[in-house]
Every structure is written in structure tokens, then in C-alpha cells.
Amino acid sequence: MSAYLILKHLHVTTAFLTVVLFALRLLLDAVGRPGWRQTPLRWIPHANDTVLLAAAIGLLFVTPWMPFVDGWLTAKIFLLVGYIIAGLFALRTTLTTPVRITAAVLALVQVTAIFHLAINKPVF
Ligand code: HEM
């Protein structure tokens, strides 16, 4: 398999996993099971996101796409920063429930937009 296909499969698989793992942690908190913070679920999402970003950087080397040249990719990077910040707020137990819910919705909207941009690669 070519480097492109390996990186692409890795990127897409970890992209889906980032959403699944984020939603799982939100769900566990919502049903009153914050104890996941004392399980491997504390570090598995970080390991996954590291692979996701490493594969993303790898893809930049084997595809013609360039950040700050291709608008969809630039927008994706800004949305990624927003997704990370909103995700941190959503999972912070010291914040109030309305703040956490708002942050969770913002994080999910932004990651949906990332998928939309990645799949459709609109020119703008
Ligand atoms: C949460 C973060 C991210 C998610 C969920 C995500 C998701 C995806 C998905 C689903 C695809 C495949 C689209 C398709 O062709 O069908 C894709 C492609 C791509 N992603 Fe990401 N991505 C993320 C972050 C990044 C970042 C930070 C970069 C670069 C700085 C990046 C670079 C790329 C590139 C270059 C492609 C196109 C590969 C190709 O031409 O086949 N991604 N992304």
C-alpha cells in the first residue's frame, strides 16, 4: 500500500475515533460516571489525537494540499483549534452544566464542519 493510502486510512480512522471517544466521555459524564478519568479512557483519546495529527502532517507531505493556500484546509486548522478548546471546556468538571453543554455543542458543531470541509474540499 502506498504511503498516501496508509496515512489516509490512519487519518480517517483516527478522525472517526476522536469523535467516538469524545462523545463517549461526554455520555459517561452525563450519566454520572466521571470515574472514566481513572481508567485508560483518560489517555487513549490523547494517543488517538496524536496519531490523527501525525497522519495529517504526513498527508501534507504526500498530497498537493497546503495550509494557508487551500482555504478548506486553513479553515479546518482554525476549526481544529476551536474543537480542542471547546472540548477541554466540555469535559472540565469544575465548570457549570450550562457552560459544559454549550461547549460540547460547539465542539460537535466544529468537528462536523471539519468533516464537511475534509470530504467536500470546497474552493474559497
Ligand atoms: C479533528 C481533526 C480532523 C478531522 C476530523 C479530519 C478528518 C479528515 C477526513 C475524514 C478526511 C478524508 C476526506 C476524504 O477525502 O474523504 C481528511 C482528509 C485530509 N486531512 Fe484531515 N482531519 C482533521 C485534521 C486535519 C489537520 C489538522 C490537517 C492538516 C494540517 C489535515 C489534513 C488533511 C488532508 C491534507 C486531507 C486530504 C487527503 C487527501 O487529499 O486525500 N486534517 N481529514
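Structure first, text after, so check above.
Residues numbered from 1 in each chain as written. Predicted model: local features only at pLDDT ≥ 70, side-chain atom pairs only at ≥ 80, totals over all residues. Heavy atoms only, no water.

Participant: Honestly, the pattern of salt bridges in this entry has me stumped. Any pointers?
Facilitator: For side chains of opposite charge, pairing can occur when their charged atoms come near one another. According to the stated counting rule, one finds two salt bridges in the structure shown. In this structure, Arg37 and Asp29 form a salt bridge, with 2.9 Å as the shortest nitrogen-oxygen distance. By sharing partners, the salt bridges in this structure join Asp29, Arg37 and Arg100 into a single network. (Salt bridge = Lys/Arg side-chain N within 4 Å of Asp/Glu carboxyl O.)

Participant: Help me understand a nonpolar patch on the surface, please; the structure alone is not making it clear to me.
Facilitator: Side chains of Phe68, Ile77, Phe78, Val81, Ile84, Ile85, Leu88, Phe89 and Val99 sit close together on the surface and give an oily, nonpolar patch of about 840 Å² of accessible area. Broken down by element, the nonpolar patch gets its largest block of residues, seven residues, from helix H3 (residues 71-90). Mapped onto the fold, Val99 is located in helix H4 (residues 97-120). Residue Val99 is classed as partly exposed on the basis of its relative accessible area, which comes to 38%. (Patch = residues over 30% accessible without salt bridge, like charges linked within 9 Å, V, L, I, M, F, W, Y side chains within 5 Å. Areas by Shrake-Rupley, 256 points an atom, 1.4 Å probe, with all protein chains shown as cover. Helix = DSSP H or I, 4+ residues; strand = E, 2+ residues; numbered from the N terminus. Buried < 20%, exposed > 50% of the residue type's maximum accessible area, 1.4 Å probe, protein only.)

Participant: What am I meant to see in the site of the ligand here?
Facilitator: In the region of the ligand, 22 residues are neighbours, and Tyr4, Lys8, His11, Trp65 and Lys76 sit closest. The contact in question runs from an oxygen atom of the ligand to an N or O atom on the side chain of Tyr4, over 2.3 Å. Of the pockets mapped on this structure, the ligand occupies the largest pocket. Elements with a minimum of two residues in the shell around the ligand: helix H1 (3-30), helix H2 (44-62), H3 and H4. (Near = heavy atom within 4 Å. Polar contact = N/O pair within 3.5 Å; in protein donor to acceptor, adjacent residues only side chain to side chain. 1 Å grid on protein atoms, 1.4 Å probe; cavity = no way out; pocket = protein on both sides within 12 Å on 5 of 7 lines; lining within 4 Å. Sits in = over half its atoms within 2 Å of the grid points.)

Participant: Please explain the coordination of the iron atom of the ligand as it appears in this structure.
Facilitator: The protein atoms that coordinate the iron atom of the ligand are His11 (NE2) and Lys76 (NZ), at distances of 1.8 to 2.0 Å. Coordination at the iron atom of the ligand is octahedral, judged from the six donor atoms that bind it and the angles of 83 to 176° they form at the metal. With a gap of 65 residues between them, His11 in helix H1 and Lys76 in helix H3 connect regions that are remote in the sequence. Each member of the pair, His11 as well as Lys76, is classed as buried. (Donors = N, O, S within 2.8 Å, 3.2 Å for Na, K, Ca; no water. Tetrahedral: all angles 85-135°; square planar, octahedral: opposite > 155°, others 65-115°.)

Participant: Can you help me understand the layout of surface pockets in this one?
Facilitator: One way to see where empty space is left: roll a probe the size of a water molecule over the atoms. Its volume calculated, the largest pocket comes out at about 710 Å³. Forming the walls of the largest pocket are 28 residues, and the residues nearest its centre are His11, Ala56, Leu59, Lys76 and Ala118. At the level of secondary structure, the elements contributing two or more residues to the lining of the largest pocket comprise H1, H2, H3 and H4. Of all the elements, H1 adds the most residues to the lining of the largest pocket, at seven residues. Of the domains in this structure, domain 1 (1-63) and domain 2 (65-124) are the two that each give at least three residues to the lining of the largest pocket. Approximately 490 Å³ is the volume attributed to the second largest pocket. The wall of the second largest pocket is formed by 19 residues, among which Arg25, His46, Asp49, Leu88 and Leu91 lie closest to the centre. Those elements that place two or more of their residues in the lining of the second largest pocket are H1, H2 and H3. (Points joined across faces, edges and corners; volume = space filled by probe spheres on them. Domains from an automatic or database assignment.)

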